[in-house]
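Coordinates in review
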Amino acid sequence: MNLRSWQQNNKSTPLAGYNFGFMDDSAKKEVRRSLLKAVAIPGYQVPFSSPEMPIARGWGTGGMQITLSLVLPQDTLKVIDQGCDDSVNAVNIKKFVAKVAAVTSTTDTHRATVIQTRHRIPEEPMTGEQMLVLQVPYPEALRDVEPSELETRRMHAEGDYARMWLHLYEDIVRYGEISISYRYPVTVNDRYIMDPSPIPRWDVPKLHMSETLYLFGAGREKRIYAIPPYTSVIPLEFEDHKFRVEKFPNPCQRCGSTNSYLDEIINDVDGSRQYFCSDTGYCDKRCT
Amino acid sequence: MEPLLKARNLSKIFGSGCQHCIAATGSEAETNVCPHCNSVVACNDVNFDLFPNEVLGIVGESGSGKSTLIKLTHFEWETTSGELNLHRSALPDGLGELLADTVDQYTRNLFALSQFQQRQIRNALMGIVYQNPYLGLRMNISSGGNIAERLLGAGWRHIGKMRERASELLEKTEIPISRMDEPPKNFSGGMQQRVQIAKALSNNPLLLLLDEVTTGLDLSVQARVLDLIRNIQSEFQLSMLVVSHDLGVINLLCNRTMVMKHGRVVESGLTDQILQDPQHRYSQLLVASQL
Amino acid sequence: MLSIENLNKTFNIQILNNIQVHGCSNVSFKVDSGQFFALAGSSGKGKSTVLKCIYRTYLPGSGHIWYDSANYGRIDLACAPERILLDIRSREMGYVSQFLNVIPRVSAIDLVMEPIIVRNGVSHANARERACNLLEKLHIPHELFNAYPATFSGGEQQRINIARAIGWKPRLLLLDEPTASLDAKSINQVLNLLSELRGQGTTMVGIFHDQEIMNKTASQTYTL
């Protein structure tokens, strides 16, 4: 069912006085056009106008605009924050989208058609029928080495990435390894260096040759970018210092998983360290 | 033997420019500022050939346009007009294809290339050493890293091999390898200059641009840097463009010399001829003022 | 091998109100291959000027300097392109000045070896042997071989200068009062070396401060 036929059957929009999906059609159109360009040039940051949302910039407005521009009434939405379905921010975004676009919501990765996320990629493998929308605080991977936007755009245009590599070289000289734990820079489609949003290293390999479409939205910074399905995404690494994901000494203390990203929690009472799956939906599923 | 590099009619004007700019400036007019429109004619109609393994000197006082020439050749500033052609045999494989649209032995005008292509040529063929080490080095990044940056730009992705190359070059430039991971800001002026030279040599350039490299250094430090440059020239077999206001430096390093004044080349010739039989009034003044 | 036709040179000193300083006028002579050709004439006639014009340290004012180059054939050094001149200088034509133009911080042996390596393309070891030989013939003490000539006596410096200029066996050698600062014993050593070099085929054009030495050495003389 497309939006037009849905509108013919439904006299009013889900939230009276507002357009379907809250945003005006023209605003949605602009976001979709930016998304098309982003998909056509994998890893390239497309500027967009990023109009005001009913939440503050920096709280997920980029991801929200992408989600609102794409959802249809039959979609099933999952929203997570650092892997958790129940955080205040995730719950409120989910409620808001349900209210303005009448979508069903879920915590089951497998059942969701659209997943909006902050700082994690679900553990359960996703398919080509699904989309992952990532909220991005800092879209510019080169920002740490170059403060000027004019200059970083030139560097991207010319593929002039020596300074980014130098940054990693210095890291290795100083610490013996690359010390970046999240926002690990990747090369997309052998061309652009891209910030994958603050996902842990654990999630970076999931981007490579994935079946799923990944969309990135930075509302405050007004940038949209994308990784289309089956695109090469290679973390920056040296021949003698390879990229590595995190290792966990213990399995999840709740579900026993040894193959998921774990949060370390310190017990307030006895000070002991405990490890639990960061992806709560995944953990719940394994426990039932 | 054919020139490695041919420069023709190099001009650089800062400002709006007008029809009088060229006629109203130069050594006759004794100014490089156009009295009609206040544009600065930094250099005008400069021509030179640089041959393989040759050291060409450019001498003149501050503001004569000699550093402008270096900046134009290094693609740092856009030229107002002029052509720069490189002998095709000097081009590395990838770039040969990039510029494979002429039947001539020389590339088309390098000033007309995109910045991307110019940077590729610069990365592959050129090295530069500035008077001010702050221009050539990242002062907060390790010396080894400064050298590695050039290699990374050229596609090196092996830390061990890059560090090997960096140690080799630091040894050559007499920097203790134990200080490889220290940033140049910890070093003396002479050492910074030698790190700059090591960085400039990292990609095995065919063309080394030296812009007043010994100016501001103590005499004994100056001497060591000059010795190093002389050794490099005989060992690496590269061409150099040496800019200096110091005739002693020019005499020591260069076979041929151009004398610049107010943005124009007023005289060019064999270095010993310029020093012993200068023709132009300004060259005579320069030689007569030598300490 | 060398033919000078109507060579004139005047220095125009612009910074001193364009005063004209005489260099040489209407000089014409021919030097055949294998000669030791001497330029004679009183001081101020321009003997050195002629030599420097041939070497192009001075820009000739008018006239021709025809030279039969091994690489370029007959060529006018008065107007040959700088590149060709540099090439002839490095492969064919040497110049011995009155004083050593010291290159700072280069040892005596390296000074003599450098042109042998660069211009004759021989190995390092070979060049060292030839250089040692020369310095021995010129009676330079062994302990000075690896020292910097800046600290040497005038006579020692000049012998290093000569060794540097002749070690690579140029085809044409220009000598500007090479023995002026030497004592009688050293002069003889130098003259012996020069005649040895001439025997190996080097043509020479020279100026001598001493009439007697000139008469003894030169095969032909031209008076300015």
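Residues numbered from 1 in each chain as written. Chains lettered and ligands numbered in written order. Predicted model: local features only at pLDDT ≥ 70, side-chain atom pairs only at ≥ 80, totals over all residues.

Turning our attention to the overall build of chain B. Secondary structure summary: chain B contains eleven helices and nine strands in total. Relative to its length of 291 residues, chain B is compact, with a C-alpha radius of gyration of 19 Å against a globular reference of 19 Å. Across its three principal directions, the C-alpha atoms of chain B cover 55 × 50 × 40 Å. In chain B, which comprises 291 residues, the proportion classed as buried is 50%. Of all intrachain contacts in chain B linking residues separated by at least 6 positions in sequence, the fraction that spans at least 24 positions is 68%. (Helix = DSSP H or I, 4+ residues; strand = E, 2+ residues; numbered from the N terminus. Rg over C-alpha atoms; globule rule 2.2 N^0.38 Å. Buried ≥ 20, exposed ≤ 12 C-beta atoms within 10 Å, placed from the backbone. Contact = placed C-beta atoms within 7 Å.)

From N to C terminus, chain C includes seven helices and nine strands. Expected size for 224 residues packed as a compact globule is a radius of gyration near 17 Å; at 18 Å, chain C falls within 12% of this value. On the principal axes, the C-alpha backbone points of chain C span a range of 50 × 40 × 35 Å. Across the 224 residues that make up chain C, the buried fraction comes to 37%. Counted over contacts in chain C with a minimum sequence separation of 6, partners at least 24 positions apart contribute 68%.

Turning to helix H4 (residues 124-137) of chain C, a few remarks are in order. Residues and elements named next belong to chain C. End to end, H4 covers 20 Å across 14 residues, agreeing with the expected 20 Å (1.5 Å per residue, within 8%). When we look at burial in H4, the residues that qualify are Ala-127, Arg-130, Ala-131, Leu-134 and Leu-135. Along H4, the residues classed as buried sweep out an arc of 130° about the axis, all on the same side. Turned more than 90 degrees away from the buried face of H4 sit Ala-125 and Glu-136, all of them exposed. Lining the buried residues of H4 we find helix H3 (108-120) and helix H5 (154-166). (Expected span 1.5 Å × (residues − 1). Arc of directions from axis to C-beta.)

Think of interface size as the accessible area that goes away when the parts come together; that is how it is often given. Counting from both sides, the interface comprises 16 residues of chain B and, opposite them, 14 residues of chain A. Among the elements of the structure, helix H3 (115-125), helix H5 (143-153) and helix H6 (159-172) of chain B are those that each provide at least two residues to the side of chain B that touches chain A. Counting residues per element, the side of chain B that touches chain A draws most heavily on H5(B), which supplies six residues.

Each partner contributes residues to the interface: chain C has 13 residues there, and chain B has 16 residues. Considering each element in turn, the side of chain C that touches chain B owes the most residues, four residues, to helix H2 (residues 82-91) of chain C. For the side of chain C that touches chain B, the class distribution of residues is seven nonpolar, two polar and four charged. (Nonpolar A, V, L, I, M, F, W, Y, C, P; charged D, E, K, R; others polar.)

If you look at the biggest cluster of nonpolar residues, it comprises 139 residues, and the most contacted ones within it are Leu215(A) and Val242(B). Counting 56 residues, the second-largest nonpolar core is a separate cluster that includes Ile4(C), Ala38(C), Ile54(C) and Met204(C). (Core = buried A, V, L, I, M, F, W, Y, C linked by C-beta atoms within 7 Å.)

Comparison of the two pairs of chains in contact shows the highest number of contacts for chains A and B. At the level of C-alpha atoms, the two units chain A and chain C stay apart, their nearest approach being 37 Å.

Quick look at the environment of Leu193(C) now. All names here are of chain C. Among the structural elements, Leu-193 can be located in helix H6 (residues 184-199). Residue class for Leu-193 comes out partly exposed when judged on the 17 C-beta atoms lying within 10 Å of it. Apart from the residues within four sequence positions on either side, Leu-193 is in contact with Lys-137 and Ile-166.

Among the secondary structure elements, Phe14(B) is positioned in strand S1 (residues 5-14). When the C-alpha atoms of Phe14(B) and Val41(B) are compared, they prove to be 6.4 Å apart, with 27 residues separating the residues in sequence.

Take the sheet that holds S1(B) next. Residues and elements named next belong to chain B. Ordered by their spatial adjacency, three strands build an open sheet running S2-S1-S4, and the pairing between neighbours is antiparallel. The sheet terminates laterally at strand S2 (40-50) and strand S4 (81-86), the two strands that pair on one side only. The mean angle between the axes of side-by-side strands here comes to 15°, regardless of whether they run parallel or antiparallel. Across seven bridges, the pairing between S1 and S2 is antiparallel. Residue pairing in the sheet places Ala-7 in a bridge with Phe-48 of S2. (Pairing = 2+ DSSP bridges. Axes fitted to C-alpha atoms, helices over the stretch in contact; angles between N-to-C directions.)

Residues and elements named next belong to chain C. Located in the positive-phi region is Asn-17, a residue other than glycine, with phi close to 50°. Structurally, the position occupied by Asn-17 is in the loop between strand S1 (2-13) and strand S2 (19-31). One non-glycine residue, Lys-169, adopts positive backbone phi at about 55°. Looking at where Lys-169 falls in the secondary structure, it is placed in the loop between H5 and strand S7 (172-176). By C-beta crowding, Lys-169 is classed as partly exposed, having 16 other C-beta atoms within 10 Å.

Residues and elements named next belong to chain B. At a minimum axis distance of 8 Å, the contact between H5 and helix H7 (residues 189-201) shows a crossing angle of 25°. As the angle between them shows, H5 and H7 are arranged roughly parallel. The crossing of H5 and H7 is right-handed. From H5, Ser-143, Asn-146, Ile-147 and Arg-150 reach across to H7, where they touch Val-195, Ala-198 and Lys-199. For the contact of H5 with H7, the class distribution of residues is three nonpolar, two polar and two charged. (Parallel < 35°, antiparallel > 145°, perpendicular 65-115°, else oblique. Left-handed = near helix turned anticlockwise from the far one by under 90°.)

For the rest of this paragraph, the subject is the packing of H5(B) against H6(B). Residue and element names in this part refer to chain B. Between H5 and H6, whose axes approach to 9 Å, the crossing angle comes to 115°. By the angle between their axes, H5 is roughly perpendicular relative to H6. Both H5 and H6 take part in a crossing whose hand is right-handed. For the pair formed by H5 and H6, the contact residues are Ser-143, Gly-144, Ile-147, Ala-148 and Leu-151 on the first element and Met-162, Arg-163, Arg-165, Ala-166, Leu-169 and Leu-170 on the second.

Another point: the confidence of the model for chain B. Low pLDDT means the predicted atomic positions in that stretch should not be read closely. Residue-level pLDDT values for chain B average 90, and 97% of them are 70 or greater. Per-residue pLDDT, averaged within each element of chain B, yields its smallest value for helix H2 (residues 93-98) of chain B (69) and its largest for strand S3 (residues 55-59) of chain B (96). (pLDDT = per-residue confidence, 0-100.)

Bringing helix H2 (residues 25-40) of chain A into the picture now. Residue and element names in this part refer to chain A. Its 16 residues give H2 an end-to-end C-alpha distance of 22 Å, which sits within 8% of 22 Å, the value for a rise of 1.5 Å per residue. The complete set of buried residues in H2 reads Val-31, Ser-34, Leu-35, Ala-38 and Val-39. The arc that holds every buried residue of H2, seen down its axis, measures 140°, which confines them to one face. Seen from the buried face of H2, the exposed residues on the opposite side, beyond 90 degrees, are Asp-25, Ser-26, Lys-29, Leu-36 and Ala-40.

Further remarks concern the sheet that holds strand S2 (residues 76-81) of chain A. Sheet strands pair via backbone hydrogen bonds, and the direction of the pair is either parallel or antiparallel. Residues and elements named next belong to chain A. Strand order in the open sheet formed by seven strands is S1-S9-S8-S5-S4-S2-S3, with mixed pairing between adjacent strands. Both outer strands of the open sheet, strand S1 (46-47) and strand S3 (104-105), are each paired with one neighbouring strand and no more. Here five bridges tie strand S8 (residues 213-218) to strand S9 (residues 223-227), and the two strands are oriented antiparallel to one another. Its bridge partner being in S9, Ala-218 is matched across the sheet by Arg-223.

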